[in-house]
Amino acid sequence: TQVARSARRQVNYAWYLDVSPDDRWLVHVSSDFDSQCKGSELFMGDLLSLLRSVEGADRNETVEAWLTGGAIGEGHVETRRVLRDVAAAVLDPELWNQEPVFRIRLPKADAARREIERFLATAKPTITSSGVSLQKIAYLRYVQEDHGIPLMRIDRSNGAVLLGMDGTLRNLTEPLAEPTLVDRALDHIEEYLQTVDLGETREPRFAKMSMYEALLYFLYVPFANEYMEVRRRRFAGVDSRGPRFLYIYGPSHNGKTTFLRFALKLICGQRVEPLMPSSFSKTTALTAMAFGSVFPLVFDDLTPSRRSGPFEEIVKSFWEAWWQPGHPSPQLIVSSNTESLKDWAKSRVKRVDFDVYFAPNETNKERLSALLAVENPLFAWFSHEYLTALGQREVANDDELQLAREIMVALYSHAKQKGSRLFSAGTR
């Protein structure tokens, strides 16, 4: 090289040898070269695999996303396939009690094998030449404790939402109960919305409707991947975007954190803390997608950077570049004190404003604590009706919550309440 020619402390050598094909030295060098090839990958092979696997996506957008690090590589696609199958095997009600240990066969590609072994290292698997063995309970705890998200899976064939949490497997879906019980559950929701009256706001009705809209999004969010599957099939040629992310905006002391806890408990029946803003990263997003869980990634008090960074990359690439058909992925939900968003973000998020201020006092805390302690089975009935509706028709409207609105109206009708006492259940 030109640099080497002018360097004072560097000398380059080139050796040329004429030997026979069976020369011992040449055989040794060739063996070392073959060993190096086994641990290598085709240069830009991940881009080639991505272009082949993303059907209907704009090639220029895909290449741009890959250049900025916004697309997953070939090894990660294989990892997601294996971990998706793991989630299905672990969250199988029929096999849960019969087989406490499950086994998976590792892929042949060395890069994918190493990545899966790295993913599962903390779960202390038994690794052999034929595959990996893991205890189901240990795997559920590993995913939840090390990565902050429980495993959740939509079982369309049996019409169930399955949750693996705290080492147990639960079915979060039940047929619609008698009207009195449904009425009681809806009344609990309205009691929570009425806590707006404990705060200060210019428009109490608007504040309650905003909270209801965000709550409706939480009820829908486990099905965001189902929505994306339909949307990609119908509009892949002209629109690769997915469902909008929920962006809850409001200044301090307006109930965002308490709302997130209330909504998360409504889904899974027990207290779950939202994720810290420090964990918001591309790695967190891709890892959650890899596990095949549809439990939402909920980040509290996030401050999106005005400059290009993780927020822009994740929001732009999550559904448009990283998502793959057949690989269940969670949806993102963010609460923030940041009001202004760039134009590219405004079209990709569903913003809901919490325009209310709560003075921190003992009365407010006691009432909220009592409401959060109530066991509310509403999501079990909602999910049953949602899955029933999905089995009858495909839904991919621009309003992600259209089906959720229809189901809530039906629940109110079933409870013999023509509409909420506060507002119409179907109001946007």
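Everything below is about the structure printed above this text.
As a starting point, this report considers the structure included with it. In this text the structure is predicted, and so the values were computed from the model without any measurement.

1. A few points about the overall build of the protein
Logical step 1: Tallying secondary structure elements over the protein gives 18 helices and 10 strands in all.
Logical step 2: Taken over 428 residues, the protein has a buried fraction of 49%.
Logical step 3: When contacts within the protein are restricted to residue pairs at least 6 apart in sequence, long-range pairs at least 24 apart make up 76% of them.
Logical step 4: Accessible surface, the protein: about 22000 Å² in total, of which carbon and sulfur atoms supply 50%.

2. Concerning the sheet that holds strand β2 (residues 126–128)
Logical step 1: With antiparallel pairing, 3 strands are arranged side by side in an open sheet as β1-β3-β2. Edge positions in the open sheet fall to β1 (101–104) and β2, since each of these has one partner strand only. Along the sheet, successive strands turn relative to each other by an average axial angle of 20°, direction set aside.
Logical step 2: As paired strands, β2 and strand β3 (residues 131–135) are joined by 3 bridges and run antiparallel to one another. Looking at β3, one finds that T128 is bridged to G131.
Logical step 3: Packed on one face of the sheet, helix α8 (residues 136–147) meets β1 and β3 and runs near 85° to β3.

3. A short note on the nonpolar core
Logical step 1: Among the nonpolar cores identified, the biggest contains 67 residues, and F218, F223, F259, L378, F382, Y386 and M408 are the most heavily contacted of them.
Logical step 2: Excluding residues that lie within four positions of it along the chain, F218 makes contacts with L246, F259, L260, A263, L264, I267, V298 and I333.
Logical step 3: L91, V143, F245 and F311 belong to the second largest nonpolar core, which has 54 residues in total.

4. So, helix α16 (residues 362–373)
Logical step 1: Given a rise of 1.5 Å per residue, 12 residues ought to cover 16 Å, and the 16 Å separating the end C-alpha atoms of α16 matches this to within 8%.
Logical step 2: Packed against the buried residues of α16 are α9 (179–193) and α12 (256–268).
Logical step 3: By the N-cap criterion, in which a side-chain oxygen at the helix start approaches the backbone nitrogen of a residue two or three places on, α16 is capped by N361, the distance to T363 being 3.2 Å.

5. Here we look at the pairing of β3
Logical step 1: Sheet topology note: the β1/β3 ladder contains 4 bridges and is antiparallel. For R103, the partnering residue across the bridge sits in β3 and is S133.
Logical step 2: Taking the residues that link successive antiparallel strands as the turn, the β2-β3 hairpin has 2 residues.

6. Notes on α8
Logical step 1: Given a rise of 1.5 Å per residue, 12 residues ought to cover 16 Å, and the 16 Å separating the end C-alpha atoms of α8 matches this to within 8%.
Logical step 2: Taken together, the buried positions of α8 are K136, Y139, L140, Y142, V143 and Q144.

7. Examining the sheet that holds strand β4 (residues 151–155)
Either a parallel or an antiparallel arrangement is found when strands of a sheet pair, and the pairing is made through backbone hydrogen bonds.
Logical step 1: Taken in spatial order, the 3 strands of this open sheet run β4-β5-β6, and their pairing is antiparallel. Of all the strands in the sheet, just β4 and β6 (168–171) have a single pairing partner and so form its edges. Pairwise comparison of adjacent strand axes, ignoring direction, gives a mean angle of 20° for this sheet.
Logical step 2: Note: β4 against strand β5 (residues 160–165), 5 bridges, orientation antiparallel. For L151, the partnering residue across the bridge sits in β5 and is G164.

8. Structural notes on a nonpolar patch on the surface
Logical step 1: Judged by side-chain polarity, V11, Y13, W15, L17, V19, W25 and V29 come together as a nonpolar surface patch covering roughly 840 Å² of accessible area.
Logical step 2: Relative to the helices and strands, V29 resides in helix α2 (residues 24–38).

Criteria and thresholds
Residues numbered from 1 in each chain as written. Predicted model: local features only at pLDDT ≥ 70, side-chain atom pairs only at ≥ 80, totals over all residues. Heavy atoms only, no water. Helix = DSSP H or I, 4+ residues; strand = E, 2+ residues; numbered from the N terminus. Buried < 20%, exposed > 50% of the residue type's maximum accessible area, 1.4 Å probe, protein only. Contact = heavy atoms within 4.5 Å. Areas by Shrake-Rupley, 256 points an atom, 1.4 Å probe, with all protein chains shown as cover. Pairing = 2+ DSSP bridges. Axes fitted to C-alpha atoms, helices over the stretch in contact; angles between N-to-C directions. Core = buried A, V, L, I, M, F, W, Y, C linked by side-chain atoms within 4.5 Å. Expected span 1.5 Å × (residues − 1). Polar contact = N/O pair within 3.5 Å; in protein donor to acceptor, adjacent residues only side chain to side chain. Patch = residues over 30% accessible without salt bridge, like charges linked within 9 Å, V, L, I, M, F, W, Y side chains within 5 Å. Salt bridge = Lys/Arg side-chain N within 4 Å of Asp/Glu carboxyl O.

Without other data, these values stay purely geometric and don't point to any function.
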